[in-house]
Structures are given as C-alpha cells and as structure tokens.
Amino acid sequence: MNGPAVRLTLVCALVASALVPSGDASACGGVEILPAIDHRVMGVAQAEQALRDGRITAAAGSVLRMFPEIRRISHDKDPLLNRAFRVLAVATARAGGALDVRPEVPRELLETWGGASAEERKSNVDWSIRALRRLNEHRKGDPALQTDLGEALARSPEHRGEALQLLGGLAEKDLLASPEAYAALARLRALSGDAAGHDAAASRCEAMAKDAALCRTSRAIDPRPQS
C-alpha cells in the first residue's frame, strides 16, 4: 500500500471513530465501519453469574470455550482473563477437581478437566490453588479472593491446615464471602475435632445459602464433587 493510500486509510479510521458514537457510519465513501466487539466480556460475566448460581459445570465450560489455552497461561495482567481464571479455579475446586464438562466443550478441549483418575483430580485442584494464589498476589488483602483460595486449599489434604487458618481467620472477622467457604470451614473444623466450631460455621452457611443441602457436611470432608 502506497503512502497516500495509507494516509487515507488512517483518516477514514479517525473519522469513523469520531462519528460512530453519534450513529453516523457513512464516513469514507459510505463504507460502514463498526467498532470491534469482544464477546468474551459478556461471556465472562455470564460465567461469573453461573458460578454464583451454583452452576459450576456451565461456568467452567463457558470459560474453557472462550480461553481453551488457559491452563498453559502462567501469568497475565489482563483483567478479563484474570476474571476467567478465577471462575474456572473456583469451579474446579468446588467440583473436587472433576468437572463434567463433556456436554459443554468440544472433545479436543476436555484434556484432564473431567478428573477421570485421582491423579487428574489432584492435578486440577493443584492448578486451581496456583491460579488463586497468583490472583491473591495481584490483589493482596481482598477478602473475596482469600475466601476463594481458602476454599480451594480445603480440597487438598496437604493444605487443610493452611485452609483452616485462612478460612477461620476470615470467619472471625466476618469476612467469609460465600456459603461454600463456610461449608468448607465446617468440614475442616469437624476434622480437627471442633464440634462447636463446625456447628457455628454450618449455621452461617445455612443463613447464606439458597439451598441448605450445601451446608450438610456430615462432619467430614467429602472427597466427591459437590452437586
């Protein structure tokens, strides 16, 4: 493309960008120029809502369709991608590392997310812990992110001590942000022999949860995915 053509293209782009908000798309010889729309913005928002509604499979599947390489991304400063990390990490933890996303994503994207073996489930939970640790490093002191991390840690036997300390500390300050986290705290306290602490956390869970079944812990950590 020669110099005049390049200049004309740039002028058209500038004119169009100035006119699009006013509804005039007829600049540059009647060629309609529309702004690019990133549909992932709405997609991530919908995934977040699905997670809040307890539809963890739908939430995880949505993220995997939009960001199929997310497992191999070790660091990113893009706020949208970090929101997607958070949704998938929390969903993975709540599913105990076994996401039944087969109906949600193409077969080539399934990888080990289904958690067919104990090794895959552990790998998935470990990934969610790493992702949430990284998000907490970016936003230190955020009770909601700390809650998510504590919930994920509670799913890993080697991290249950850390989870109990983190979730218990937040609960003492009335900062736990989800009923799922209170349910995790109740299970951890039961395992430590703290019956009264278990009952207190379970009661707070029931007060927050839409479905009290979420809070029925049987005073033990259930390794199976939550429904």
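Residues numbered from 1 in each chain as written. Predicted model: local features only at pLDDT ≥ 70, side-chain atom pairs only at ≥ 80, totals over all residues. Heavy atoms only, no water.

**A closer look at the state of the cysteines**
Here is the rule: Two cysteine sulfur atoms make up a disulfide if the distance between them is within 2.5 Å. Secondary structure follows DSSP: runs of H or I at least 4 residues long count as helices, runs of E at least 2 residues long count as strands, and numbering of each begins at the N terminus. Relative accessible area decides the class of each residue, using a 1.4 Å probe on protein chains only: under 20% of the type maximum gives buried, over 50% gives exposed, and in between gives partly exposed.
Here the structure, examined in full by the defined rule, presents 1 disulfide. At a sulfur-sulfur separation of 2.0 Å, the disulfide partner of Cys205 is Cys215. One quick way to see it: the torsion about the S-S bond of Cys205 and Cys215 is about -80°, and its sign makes the bridge left-handed. Taken together, the positions of Cys205 in helix 10 (residues 195–208) and Cys215 in the segment after helix 10 put the pair 10 residues apart, joining distant regions of the chain. In terms of burial, Cys205 and Cys215 fall into one category: buried.

**Some remarks on the pattern of salt bridges**
What counts, and what does not: When a carboxyl oxygen of Asp or Glu lies within 4 Å of a side-chain nitrogen of Lys or Arg, that pair is called a salt bridge.
Enumeration according to the criterion identifies 15 salt bridges in this entry. Put simply, Arg94 and Glu151 hold a salt bridge, and the shortest N to O gap is 2.7 Å. With Arg94 in helix 5 (residues 79–94) and Glu151 in helix 7 (residues 143–153), this pair connects stretches of sequence that are 57 residues apart. Of the charged contacts, one joins Arg204 and Asp174 as a salt bridge, the two residues approaching to 3.1 Å between their closest N and O atoms. Of this pair, Arg204 sits in helix 10 while Asp174 sits in the loop between helix 8 (160–172) and helix 9 (179–191), and the two are 30 residues apart along the sequence.

**Describing the nonpolar core**
Looking at soluble globular proteins, one finds that nonpolar side chains tend to be buried together. Applied cut-off: Definition of nonpolar core: a set of buried residues of the types Ala, Val, Leu, Ile, Met, Phe, Trp, Tyr and Cys, connected through side-chain atoms within 4.5 Å. The contact definition used throughout considers only heavy atoms, calling two residues in contact when any of these lie within 4.5 Å.
Grouped together as the largest cluster of nonpolar side chains are 56 residues, with contacts concentrated most on Val63, Ile70, Leu88, Leu99, Val101 and Leu176. Elements that contribute at least two residues to this core include exactly helix 3 (40–52), helix 4 (56–66), helix 5, helix 6 (118–138), helix 7, helix 8, helix 9 and helix 10. In terms of residue count, the dominant contributor to this core is helix 5 (10 residues). Setting aside anything within four residues of it in sequence, one finds Val63 in contact with Ala47, Ile70, Ala84, Val87 and Leu88.

**Here we look at unusual backbone geometry**
Its identity is not glycine, yet Glu111 carries a phi of approximately 45°, on the positive side. Tracing the sequence through the fold places Glu111 in the loop between helix 5 and helix 6.

**Here's the deal with the packing of aromatic side chains**
This is how the line gets drawn: Working definition: rings of Phe, Tyr and Trp (its six-membered ring) pair if their centres are within 6.5 Å, and the pair is stacked with planes under 30 degrees apart, edge-to-face with planes over 60 apart, and tilted otherwise. Throughout this description, the term charge over a ring refers to an Arg CZ or Lys NZ atom that lies within 6 Å of the ring centre and within 35 degrees of the ring normal.
Scanning all chains against the criterion turns up 2 aromatic pairs. Centroid distance Trp113 to Trp127: 5.3 Å. Interplanar angle 85°. Geometry classified as edge-to-face. Of this pair, Trp113 sits in the loop between helix 5 and helix 6 while Trp127 sits in helix 6, and the two are 14 residues apart along the sequence. Residue Trp113 shares its accessibility class with Trp127, and that shared class is buried. Here the aromatic cluster, defined as three or more aromatic residues joined through ring pairs, consists of Phe85, Trp113 and Trp127. Here Arg71 stacks its cationic end above the ring of Trp113, 4.5 Å away from the centre of that ring. Just above the ring of Phe85 sits the side chain of Arg134; from NZ or CZ to the centre is 4.7 Å.

**Regarding the confidence of the model for the chain**
This is how it is decided: A score between 0 and 100, pLDDT records how confident the predictor is in each residue.
Mean pLDDT over the chain works out to 84, with 79% of the residues at or above the 70 mark. Helix 1 (residues 3–19) is the least confidently modelled element of the chain, averaging 42 in pLDDT, while helix 7 averages 98, the highest of any element. Throughout residues 220–227 the model reports pLDDT below 50, and contacts reaching past four residues in sequence, or to other chains, amount to 21 contacts.

**Topic: helix 9**
Selection rule: To estimate the expected span of a helix, subtract one from its residue number and multiply by 1.5 Å.
The first and last C-alpha atoms of helix 9 sit 19 Å apart over 13 residues, in line with the 18 Å expected at 1.5 Å per residue. Most of helix 9 is tucked away: 12 of the 13 residues are buried. Within the sequence span of helix 9, burial applies to Pro179, Glu180, Ala181, Tyr182, Ala183, Ala184, Leu185, Ala186, Arg187, Leu188, Arg189 and Ala190. Where helix 9 is buried, its residues meet helix 5, helix 7, helix 8 and helix 10.

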